[in-house]
Amino acid sequence: MHAFHLFRKFDRQGCLSECFQGDESALADAEMQARELIGHWIPWLLAQSHELPSVLRLDVLAHRSAPGQATIATMELTELGGCHCGWEEGPEVIFAAMLRSCLRPLA
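Residues numbered from 1 in each chain as written. Predicted model: local features only at pLDDT ≥ 70, side-chain atom pairs only at ≥ 80, totals over all residues. Heavy atoms only, no water.

*Asks:* It is not clear to me how the pattern of salt bridges should be interpreted in this structure. Could you clarify?
*Replies:* Pairing between side chains of opposite charge can happen when their charged atoms approach one another. Considering all chains together, one arrives at 5 salt bridges under this definition. When the shortest N-O distance is used, the salt bridge between E24 and R12 registers 2.8 Å. Of the two residues, E24 is situated in helix α2 (residues 24-48) and R12 in helix α1 (residues 12-19); the sequence distance between them amounts to 12 residues. Classification of E24 as partly exposed rests on a relative accessible area of 38%. Residue class for R12 comes out partly exposed when judged on its relative accessible area of 36%. The residue E76 makes a salt bridge to R57 at a minimum N-O spacing of 3.3 Å. (Salt bridge = Lys/Arg side-chain N within 4 Å of Asp/Glu carboxyl O. Helix = DSSP H or I, 4+ residues; strand = E, 2+ residues; numbered from the N terminus. Buried < 20%, exposed > 50% of the residue type's maximum accessible area, 1.4 Å probe, protein only.)

*Asks:* Honestly, the packing of aromatic side chains in this entry has me stumped. Any pointers?
*Replies:* Think of a pair of aromatic rings as described by two things: how far the centres are apart, and how the planes are tilted against each other in angle. Scanning all chains against the criterion turns up 1 aromatic pair. With a centroid separation of 5.6 Å and 85 degrees between ring planes, the pair formed by W41 and W44 is classed as edge-to-face. Here W41 pairs with W44, and both are found in helix α2, just 3 residues apart, close to one helical turn. Note on W41: relative accessible area 25%, which makes it partly exposed. The exposure class assigned to W44 is partly exposed, which follows from its relative accessible area of 46%. (Phe/Tyr/Trp six-rings, centres within 6.5 Å; stacked < 30°, edge-to-face > 60°.)

*Asks:* What exactly am I supposed to notice about the side chain of D59 here?
*Replies:* Take D59: it is sitting in strand β1 (residues 56-66). With a relative accessible area of 16%, D59 lands in the buried category. Looking at D59, its side chain comes within polar contact range of the side chain of R57, at 2.8 Å. Once residues lying within four places of it in the same chain are set aside, the contact partners of D59 are A73, T74, M75 and E76. (Polar contact = N/O pair within 3.5 Å; in protein donor to acceptor, adjacent residues only side chain to side chain. Contact = heavy atoms within 4.5 Å.)

*Asks:* Mind showing me how you'd approach the side chain of D29 here?
*Replies:* On the secondary structure map, D29 appears in helix α2. Buried charge without a partner: D29 forms no salt bridge, and the closest opposite charge is R35, 9.0 Å away. Within the local environment of D29, its side chain forms a polar contact with the side chain of Q33, the two groups lying 2.8 Å apart. A distance of 2.8 Å separates a polar atom in the side chain of D29 from the backbone nitrogen of A70. Leave out the neighbours within four places in its chain, and D29 touches G68, Q69 and A70. (Lys, Arg positive; Asp, Glu negative; His and termini not counted.)

In structure tokens form, the structure reads like this:
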């Protein structure tokens, strides 16, 4: 059973074996599609405000749909108030980024 509130962190090799059945081409396809998808979200977000939020989580779901192929979708865009989904280091990483954003000099 999959639960979206549980966080499972994989390195690339772990993702390849656990989620993509060892299909390197399908994982590479998912990565390429995710980069392209995020490449569309970032300009859209910038069009909504003069700068990106200091913290932005883009949740992309991906799965192996056929040999050498993946299907991806945006699950959620979260800024500042997002759940850490059980990511133990998350609060420290996120709040440090927010603090750095607040303390950076204005141009």
